[in-house]
Amino acid sequence: MTYGKIIFVSEENIFTSPVAETIMKKKLLESGDSETKVSSCGMVVLFPEPANPKGVAIAKSRGISMEEHRAKAANGGMFGTDVLVLVMSERIKAAVYEKYKNAVNIYTIKEFVGLDGDIETPYGKGMKEYGEVYTQLEELVDMVIKKLSK
């Protein structure tokens, strides 16, 4: 991999970005990559809120623990030329570039793998919708790993 660190960024860091982070960590460890650091953060984090309970339940049903996750805010010190930043939407991408002048290597997760569109957070919806977004993120993480492996 060309990047020493991968950061997933969402609005609040309580569902989509921590899901992508935990999936990526699990898949990298399974592939024998213990070198690449993976984390997640949010653009609007007021306190270390736990992960969304629906997300925690879905992750647990798929063998991944998110119980210990606490939301973390993005900060300017996390960017660098060896850091890949994968955001959930074009709006978040624009906000990162606007807020952090040293930000580089910022892509929406779909853009990075050659797709269009944003990851929509299913706030206020049911377990089915949360499960669909989880599955979508799992597929996208697989595509990211495949692209980084080339």
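Residues numbered from 1 in each chain as written. Predicted model: local features only at pLDDT ≥ 70, side-chain atom pairs only at ≥ 80, totals over all residues. Heavy atoms only, no water.

Novice: I'd like a description of the nonpolar core, backed by residues and values.
Specialist: Counting residues in hydrophobic clusters, the biggest one holds 47 residues, and the most contacted among them are Phe8, Val9, Met24, Phe79, Leu86, Val96 and Val144. Elements represented by at least two residues in this core include exactly strand 1 (5-10), helix 1 (16-30), strand 2 (37-42), helix 2 (53-61), strand 3 (83-87), helix 3 (90-99), helix 4 (109-112) and helix 5 (127-149). The dominant element in this core, judged by the number of residues it contributes, is helix 5, at nine residues. In contact with Phe8, other than residues within four places in its own chain, are Ser17, Ala20, Glu21, Met24, Val38, Ser39, Ser40, Cys41, Leu86, Met88, Ile109 and Val141. (Core = buried A, V, L, I, M, F, W, Y, C linked by side-chain atoms within 4.5 Å. Buried < 20%, exposed > 50% of the residue type's maximum accessible area, 1.4 Å probe, protein only. Helix = DSSP H or I, 4+ residues; strand = E, 2+ residues; numbered from the N terminus. Contact = heavy atoms within 4.5 Å.)

Novice: Before we move on, can you summarise unusual backbone geometry with the specific residues and values?
Specialist: Peptide bonds are mostly trans, and most non-glycine residues show a negative phi. Look at Asn13: it is not a glycine, yet its phi comes out positive at around 60 degrees. For Asn13, the location among the structural elements is in the loop between strand 1 and helix 1. Its relative accessible area of 0% is what places Asn13 among the buried residues.

Novice: If you had to explain the sheet that holds strand 4 (residues 106-108) to someone new, which residues and values would you point to?
Specialist: On the basis of which strands lie adjacent, the open sheet formed by four strands has the order 2-1-3-4 and parallel pairing. Since the sheet does not close on itself, it has two edges, and those belong to strand 2 and strand 4, each with one partner. Across the sheet, the mean angle from the axis of one strand to that of its neighbour is 25 degrees, orientation sign disregarded. In this structure, strand 1 lies alongside strand 2, joined through six bridges in parallel fashion. Looking across to strand 2, one finds that Val9 is bridged to Cys41. Where helix 1 meets the sheet, its contacts fall on strand 1 and strand 2, and the angle it forms with strand 2 comes to roughly 175 degrees. The strands touched by helix 3 are strand 1, strand 3 and strand 4; relative to strand 4, the strand with the most contacts, the crossing angle is about 165 degrees. (Pairing = 2+ DSSP bridges. Axes fitted to C-alpha atoms, helices over the stretch in contact; angles between N-to-C directions.)

Novice: Which residues make up the packing of aromatic side chains, and what are the values?
Specialist: Scanning the entire structure with this criterion turns up three aromatic pairs. Relative to Tyr130, the ring of Phe15 lies with its centre 4.7 Å away and its plane at 70 degrees, an arrangement referred to as edge-to-face. Placement of Phe15 in the loop between strand 1 and helix 1 and of Tyr130 in helix 5 is noted, with a sequence separation of 115 residues between them. Classification of Phe15 as buried rests on a relative accessible area of 0%. Measuring from centroid to centroid gives 5.2 Å for Phe79 and Tyr100, while their planes differ by 45 degrees, and the two rings are tilted. A residue pair is termed long-range when its members are at least 10 positions apart, and Phe79 in the loop between helix 2 and strand 3 and Tyr100 in the loop between helix 3 and strand 4 qualify at 21 residues. The exposure class of Tyr100 is buried, given its relative accessible area of 8%. (Phe/Tyr/Trp six-rings, centres within 6.5 Å; stacked < 30°, edge-to-face > 60°.)

Novice: Outline the side chain of Asp33, supporting the account with residue identities and numerical values.
Specialist: Looking at the element boundaries, Asp33 is found in the loop between helix 1 and strand 2. Lacking a salt bridge, the buried Asp33 has Lys37 as its closest oppositely charged neighbour, with an N-O distance of 9.2 Å. Among the polar contacts made by the side chain of Asp33, one reaches the main-chain amide nitrogen of Glu35 at a distance of 2.9 Å. For Asp33, the side chain forms a polar contact with the side chain of Thr36, separated by 2.8 Å. (Lys, Arg positive; Asp, Glu negative; His and termini not counted. Salt bridge = Lys/Arg side-chain N within 4 Å of Asp/Glu carboxyl O. Polar contact = N/O pair within 3.5 Å; in protein donor to acceptor, adjacent residues only side chain to side chain.)

Novice: Describe the layout of surface pockets, listing the residues and the values that go with them.
Specialist: Space inside the largest pocket adds up to approximately 200 Å³. Considering the residues around the largest pocket, the lining is formed by 14 residues, among which Ser89, Arg91, Ile92, Ile119 and Thr121 are closest to the centre. In terms of residue class, the lining of the largest pocket is built from five nonpolar, four polar and five charged. (1 Å grid on protein atoms, 1.4 Å probe; cavity = no way out; pocket = protein on both sides within 12 Å on 5 of 7 lines; lining within 4 Å. Points joined across faces, edges and corners; volume = space filled by probe spheres on them. Nonpolar A, V, L, I, M, F, W, Y, C, P; charged D, E, K, R; others polar.)

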